[in-house]
Amino acid sequence: MGHLDADILLAQPRGFCAGVDRAIQIVKEAIRQFGTPIYVRHQIIHNARVIAELSSEGAIFIEELSEVPDGSTLIFSAHGVSAEIKYLASLRDLRIFDATCPLVNKVHVEVQKLHAAGIPIVMIGHHGHPEVDGTMGQVKDNIYLVEKVADIAKLPLGQDQQIAYVTQTTLSIDETKEIITALKASFNNIVEPKKQDICYATQNRQDAVKELIPLVDVMVVVGSANSSNSNRLRELATKMGVPAYLVDDPLQVKPEWFFDKKRVGISAGASAPENLTQEIIDVVRHYGLRVVKTLPGIVENTVFSMPKGLQKTASL
Ligand code: 10G
Ligand code: SF4
């Protein structure tokens, strides 16, 4: 019962995943080895604090290849890019490093294989998210986006036709299950991924929030507004009946959130740095919730290696 003595309960695991850690290291190492500026297509990861820090160290974040001068170093963000962007970049005089998470890349390879086999692909994900653009953009056609159950009825595919599905890696576990169940009810011949595409970090952070919610009266999730996986954590808390707020700066934390509340839960999305989470914990403590405990949970030990040409060299 020890955790119930606490005022603030921290979810475990929370914060950086292996793909985010690697992507940030890629930018830092590129700056170290090749100097500034280093161009990054899209925010390397969706966190305002990380973007501000890397910008101050000499990274320039752009959306269009036309913004990158010839002869520069260019990094693709952890969310991945379409085959077209990769190809167009390769035609330019650029030194390119790909920070696409290996777990996103695995989905890209799957999409390419299914397309080559002539199987129509349903992509479950959020319209306009860079990972969805990158994954769907692995192939030129025969791939269809489903955001919600209602989209299934609009698919231009026959119910006996063989189809496959893949998903974005950062979706709600529960909503995705519902969509897959509905897909199976509409189509008789579905090729499923061997292992779900939602990644270990998304699964573990959602599982940890599910354990935390019954113990708290209010929840703070550290993450930026454009971070899909962080939004899913906030949404999960809300769906479980606890008011929940997404913040990416200590100044956003409001004292009234904690009036009459006994215990606050704190978690952080896969792109939120632990030092930012600690600053936010300090603000909550300032409002009178003083005793902090971390719930037991899975210890993650996934580590991804750096891309070729950017392995860390010993620094003197
Ligand atoms: O959760 P999303 O996909 O919006 O990205 P993020 O940068 O907030 O977190 C890390 C996750 C990815 C790089 C997408 S696999
Ligand atoms: Fe990779 Fe998952 Fe992190 Fe995305 S959220 S970068 S897929 S580990």
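For the structure, check the block above.
Residues numbered from 1 in each chain as written. Chains lettered and ligands numbered in written order. Predicted model: local features only at pLDDT ≥ 70, side-chain atom pairs only at ≥ 80, totals over all residues. Heavy atoms only, no water.

A. Main features of the layout of surface pockets. Taken as a whole, the largest pocket encloses approximately 220 Å³ of empty space. Lining the largest pocket we find 13 residues, and of these K106, E110, P193, K194 and K195 sit closest to its centre. The dominant element in the lining of the largest pocket, judged by the number of residues it contributes, is helix α4 (residues 102-116), at six residues. Here the lining of the largest pocket is composed, by residue class, of six nonpolar, no polar and seven charged. (1 Å grid on protein atoms, 1.4 Å probe; cavity = no way out; pocket = protein on both sides within 12 Å on 5 of 7 lines; lining within 4 Å. Points joined across faces, edges and corners; volume = space filled by probe spheres on them. Helix = DSSP H or I, 4+ residues; strand = E, 2+ residues; numbered from the N terminus. Nonpolar A, V, L, I, M, F, W, Y, C, P; charged D, E, K, R; others polar.)

B. Main features of the site of ligand 1. As a structural note, the neighbourhood of ligand 1 is formed by 15 residues, with H46, S227, S228, N229 and S271 the closest of them. Here an oxygen atom of ligand 1 sits 2.9 Å away from a polar atom, N or O, in the side chain of H129. Residue S228 places a main-chain N or O atom 2.6 Å away from an oxygen atom belonging to ligand 1. With the chains in place, 96% of the 390 Å² that ligand 1 exposes on its own is no longer accessible. A molecule is said to occupy a pocket when more than half its atoms come within 2 Å of that pocket's grid points, and by this definition ligand 1 occupies the largest cavity. A breakdown of the residues in the shell around ligand 1 according to their chemical character gives four nonpolar, ten polar and one charged. (Near = heavy atom within 4 Å. Polar contact = N/O pair within 3.5 Å; in protein donor to acceptor, adjacent residues only side chain to side chain. Areas by Shrake-Rupley, 256 points an atom, 1.4 Å probe, with all protein chains shown as cover. Sits in = over half its atoms within 2 Å of the grid points.)

C. Geometry of the environment of A225. With respect to the helices, strands and loops of the structure, A225 is situated in the loop between β10 (218-222) and α8 (228-239). On a C-alpha basis, the gap between A225 and H46 in space is 8.3 Å, while along the polypeptide they are 179 residues apart. When residues no more than four places from it in sequence are discounted, the contact partners of A225 are N231 and L246. (Contact = heavy atoms within 4.5 Å.)

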